[in-house]
Amino acid sequence: MKRYALLLTAVLLAAFVLAGCSTIKESAKDTYEFMFDREPKSGPVYTEDDTPIIELNSDAADDLYRNVNQGDELPKGSPVYVRNFTNEDNPDDTARFGRVVANQVATRLAQRDLLITDGAPRPLQPLPEPEPIPEDNATDGSWFSQKKELPPRPSMLTGTYYIGDTIIYMNAKLIRLEDSVVISSASWTLPINDNVRELLPQLKQPGGLQPAVRNHF
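Residues numbered from 1 in each chain as written. Predicted model: local features only at pLDDT ≥ 70, side-chain atom pairs only at ≥ 80, totals over all residues. Heavy atoms only, no water.

Novice: Help me understand the nonpolar core in this model?
Specialist: Buried together is how nonpolar side chains tend to be arranged in soluble globular proteins. Counting residues in hydrophobic clusters, the biggest one holds 32 residues, and the most contacted among them are F85, F97, L157 and W188. Those elements giving two or more residues to this core turn out to be helix 2 (53-66), helix 3 (96-111), strand 4 (155-163), strand 5 (167-176), strand 6 (182-191) and helix 5 (194-199). In terms of residue count, the dominant contributor to this core is helix 3 (six residues). (Core = buried A, V, L, I, M, F, W, Y, C linked by side-chain atoms within 4.5 Å. Buried < 20%, exposed > 50% of the residue type's maximum accessible area, 1.4 Å probe, protein only. Helix = DSSP H or I, 4+ residues; strand = E, 2+ residues; numbered from the N terminus.)

Structural data, given as structure tokens:
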């Protein structure tokens with residue numbers, strides 16, 4: 001009986017020692033990885049918004065389309081010309097961002113059956129004089145059903161952007177060329193993420209950031 005008790009004590013002691021060695025090894029492994037730069041020393045400050053900007057620009061184009069009165073303001077077959085969006089702070093900015101956003105908005109409008117037209121606007125043609133409305137006793141109402149549709153009325157898609165700290169403020173307009181009337185407009189924001197920085201070189205930081213933790217001694 002005494003021999004059995006000694007044997008049981010020895011087995012328990014061996015298990016305890018092995019468990020302690022395992023804990024020491026794991027702790028030593030963590031310390032080694034930290035000291036010799038095997039693990040990251042810091043995490044991201046915030047999660048970057050990686051929403052594709054084409055989705056946000058398409059939603060803005062849908063708003064532009066819904067605000068258009070396709071009767072008198074933009075009759076069927078009216079050409080819509082496109083101008084690259086410009087930087088409000090620097091109109092001479094030639095970054096690809098303004099061209100890409102304008103094309104994405106125009107593409108969505110074309111999918112909505114607006115007549116997106118390449119090139120410079122053609123010379124404007126004078127509008128025909130409106131037909132006089134006949135007197136009540138001179139018509140039975142058929143004149144209104146026979147009224148001719150208005151000819152095409154060209155417009156221009158324009159837009160601007162303002163670069164903030166974490167987002168870009170966007171604004172777009174559809175402007176009728178014959179009288180400069182804004183027939184539709186929309187405002188929205190875009191996140192500043194890695195994809196946007198590729199389109200706006202001024203957002204790229206030269207030399208990168210300095211590490212907050214010393215990497216070598």
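Back to the write-up after that little detour.
Novice: I keep staring at unusual backbone geometry and nothing clicks. Help me out?
Specialist: With the exception of glycine, the majority of residues adopt a negative phi angle, and the majority of peptide bonds are in the trans configuration. The phi dihedral of D113 falls on the positive side, at around 75°, and the residue is not glycine. Assessed through its relative accessible area of 70%, D113 is described here as exposed. Residues other than glycine seldom take positive phi values, yet S180 does so here, at roughly 60°.

Novice: Explain the side chain of S184 here, please?
Specialist: Counting through the fold element by element, S184 comes out in strand 6. Among the polar contacts listed, one links the side chain of S184 to the backbone oxygen of L64, at a separation of 2.7 Å. (Polar contact = N/O pair within 3.5 Å; in protein donor to acceptor, adjacent residues only side chain to side chain.)

Novice: I keep staring at the pattern of salt bridges and nothing clicks. Help me out?
Specialist: Pairing between side chains becomes possible if they bear opposite charge and their charged atoms approach one another. With the rule as written, the count across this model stands at six salt bridges. Measuring nitrogen to oxygen at the nearest pair gives 2.9 Å for the salt bridge that ties D62 to R108. With a gap of 46 residues between them, D62 in helix 2 and R108 in helix 3 connect regions that are remote in the sequence. With a relative accessible area of 8%, D62 lands in the buried category. The residue R197 makes a salt bridge to D194 at a minimum N-O spacing of 3.0 Å. Of this pair, R197 and D194 both sit in helix 5, separated by three residues, roughly a single helical turn. Judged by relative accessible area, which is 48%, D194 ranks as partly exposed. Here the residues in one salt-bridge network are D62, R108 and R112, joined through shared partners. (Salt bridge = Lys/Arg side-chain N within 4 Å of Asp/Glu carboxyl O.)

Novice: How should helix 2 be read in this particular structure?
Specialist: Turn by turn, an α-helix covers 3.6 residues, leaving residues three or four places apart pointing in a common direction. Between its terminal C-alpha atoms helix 2 stretches 20 Å, which fits the 20 Å expected from 14 residues at 1.5 Å a residue. Those residues of helix 2 lying buried are I53, N57, S58, A60, A61, D62 and L64. (Expected span 1.5 Å × (residues − 1).)

Novice: Teacher, can you tell me more about the environment of T158 here?
Specialist: Mapping T158 onto the fold places it in strand 4. T158 gets classed as buried once you look at its relative accessible area, which sits at 14%. Sequence separation between T158 and N171 is 13 residues; the distance between their C-alpha atoms is 8.5 Å. Residue contacts for T158: discarding those within four places in its chain leaves R83, F85, N171, A172, K173 and I175. (Contact = heavy atoms within 4.5 Å.)

Novice: Explain the packing of helix 2 against helix 3 here, please?
Specialist: When two helices pack together, their arrangement is given by the angle between the helix axes and by the axis-to-axis distance. Relative to each other, helix 2 and helix 3 sit at 50°, their axes nearing to 8 Å. The angle between the axes of helix 2 and helix 3 places the two elements in the oblique class. Considering the relative orientation of helix 2 and helix 3, their crossing is right-handed. For the pair formed by helix 2 and helix 3, the contact residues are I53, I54, N57, S58, A61, D62, L64 and Y65 on the first element and V101, Q104, V105, R108 and L109 on the second. Class assignment for the residues of the contact of helix 2 with helix 3 results in eight nonpolar, three polar and two charged. (Axes fitted to C-alpha atoms, helices over the stretch in contact; angles between N-to-C directions. Parallel < 35°, antiparallel > 145°, perpendicular 65-115°, else oblique. Left-handed = near helix turned anticlockwise from the far one by under 90°. Nonpolar A, V, L, I, M, F, W, Y, C, P; charged D, E, K, R; others polar.)

Novice: Sorry if this is basic, but what is going on with the side chain of N87 here?
Specialist: If you trace the backbone, N87 turns up in strand 2 (residues 86-87). Judged by relative accessible area, which is 6%, N87 ranks as buried. At 2.9 Å, the side chain of N87 forms a polar contact with the backbone nitrogen of D89.

Novice: Quick question: what am I supposed to make of helix 3 here?
Specialist: Helix length check: helix 3 (16 residues) gives 23 Å between terminal C-alpha atoms against 22 Å at 1.5 Å per residue, within 8%. Taken together, the buried positions of helix 3 are F97, G98, V101, A102, Q104, V105, A106 and L109. Just downstream of helix 3 lies D113, where phi reads positive at about 75°.

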